[in-house]
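Chain and residue survey
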Amino acid sequence: MIRKIILVVLVFNATACAELQGVINQLPQGGVLTNAEIGSGLRQALDLGIDKQVTKLTQEDGFFKNELVKILLPDELQKVDKTLRSIGLSKLADEGLKVLNRAAEDAVKEATPIFIDAVKGITFADAKNILLGNDDAATQFLTSKTQTALYSKFNPVIKNSFSKVGADAIWTNLINKYNTLPLTNNVNPDLTDYVTKEALKGVYTMIAVEEKEIRNTLSSRTTDLLQRVFALQDR
């Protein structure tokens, strides 16, 4: 019943149905939000996720010490990591992981302007679908609007960052050591593409964390507008 009432509120401006109008009239006075307010509430929620969670990823160890988004080795290099650790080169293996995460932390600094543009473009139709969607509906919307642009931004930054933090030298050393071991096959993965995709995954993961909090925890709705808008989707 709650979802039916919510749907009535959201489509009110597009219908003249007397029966639907009657349901709306039964809602408490002041309970109906305008289309603009609903859109603004969703924009606030996404802005909050970007400000609170994505900013954390740009700090040193933002990826490396966050188990939700820490970038591990691609599958084809897992054997490199295990082999190096088994012969006493754990420190080198750890350093190889760290520089991958450092590059991602560097790249995420490029994300905010792209996110801001996407959030500004949310329409009422978008807001309605997000509000009545799953716990990560806003994150999925943001992903669809920003993924291509973010990949294009992240990839060259990560490539440059590999050089800046010495990842290229570390990985050349690490892989060369591995490739000289007996009974191993030579490995030469495209780490730039891999880390770019993992960095994107990490960004959206953290935005989804904040979205879920706002949807499910009343205390996370830190403004009056967030409280009023997300009350519509409460069950």
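Scroll up for the structure.
This text gives an overview of the structure that appears in the document. Residue numbering note: each chain is counted from 1, following its sequence as written. The predicted nature of this model means local features are confined to residues of pLDDT at least 70 and side-chain atom pairs, given and counted, to a pLDDT of 80 or more, with totals for whole chains, interfaces and linings taken over all residues. Only hydrogens and water are set aside; all other atoms, that is, all heavy atoms of the structure, feed into the side-chain values.

So, on to helix α5 (residues 90-108). Under the scheme used here, helices are H or I runs from DSSP no shorter than 4 residues and strands are E runs no shorter than 2 residues, and both carry numbers assigned from the N terminus. An expected span of 1.5 Å times one less than the residue number is assigned to each helix. Taking 1.5 Å per residue as the helical rise, α5 with its 19 residues ought to reach 27 Å, and the 28 Å between its terminal C-alpha atoms agrees with that figure. Counting buried positions along α5 gives 14 out of 19 residues, so the element sits mostly inside the fold. Partly exposed residues are those whose accessible area sits between 20% and 50% of the maximum for their type, while under 20% is buried and over 50% is exposed, using a 1.4 Å probe and protein chains only.

Here we come to the nonpolar core. Grouped together as the largest cluster of nonpolar side chains are 64 residues, with contacts concentrated most on F115, F154 and W171. Counting residues per element, this core draws most heavily on helix α10 (residues 191-216), at 10 residues. Contact criterion: two residues are considered in contact whenever any of their non-hydrogen atoms come within 4.5 Å of each other. When near neighbours in sequence (up to four residues on either side) are disregarded, F154 contacts A107, V108, A111, T196, A199, L200 and V203. Side-chain atoms within 4.5 Å are what join buried Ala, Val, Leu, Ile, Met, Phe, Trp, Tyr and Cys residues into a set we call a nonpolar core.

What follows concerns the side chain of Q233. Note on placement: Q233 falls in the segment after α11 (224-231). Polar contact is defined as a pair of N or O atoms within 3.5 Å, subject to the rule that within protein one atom must be able to donate a hydrogen and the other to accept it, and that residues adjacent in sequence are counted only when both atoms are side-chain atoms. Of the polar contacts made by the side chain of Q233, one reaches the side chain of R215; its length is 3.0 Å.

A few words now on the pattern of salt bridges. By definition, a salt bridge exists where a carboxyl oxygen of Asp or Glu is found within 4 Å of a side-chain nitrogen of Lys or Arg. The full count for this structure, using the stated rule, is 12 salt bridges. Between K109 and D106 there is a salt bridge; the shortest N-O distance is 3.7 Å. Salt-bridge contacts for E211 lead to R215; the nearest nitrogen and oxygen are separated by 3.0 Å. Of this pair, E211 and R215 both sit in helix α10, 4 residues apart, roughly one helical turn. One exposure class covers both E211 and R215, and it is buried.

A separate point is the packing of helix α3 (residues 35-57) against α10. Only the stretch in contact is used when a helix axis is fitted, and all axes are lines through C-alpha atoms; the angle between N-to-C directions ranges over 0 to 180 degrees. In contact at an axis separation of 8 Å, α3 and α10 are set at 135° when each is read in the N-to-C sense. Taken together, the axes of α3 and α10 are oblique relative to one another. Our pair here, α3 against α10, has a crossing hand that is right-handed. The residues of α10 that touch α3, namely those facing A45, L46, L48, G49, I50, K52, Q53, V54 and L57, are G202, V203, M206, I207, V209, E210 and I214. A per-class count over the contact of α3 with α10 returns 11 nonpolar, 3 polar and 2 charged. Should an angle fall under 35 degrees it is taken as roughly parallel, and over 145 as roughly antiparallel, whereas 65 to 115 is taken as roughly perpendicular and any remaining angle as oblique. The crossing is said to be left-handed when, going from far helix to near helix, the turn is anticlockwise and less than a right angle, and right-handed when the turn is clockwise. By the convention adopted, Pro, Cys, Tyr, Trp, Phe, Met, Ile, Leu, Val and Ala count as nonpolar, Lys, Arg, Asp and Glu as charged, and the other residues, Gly among them, as polar.

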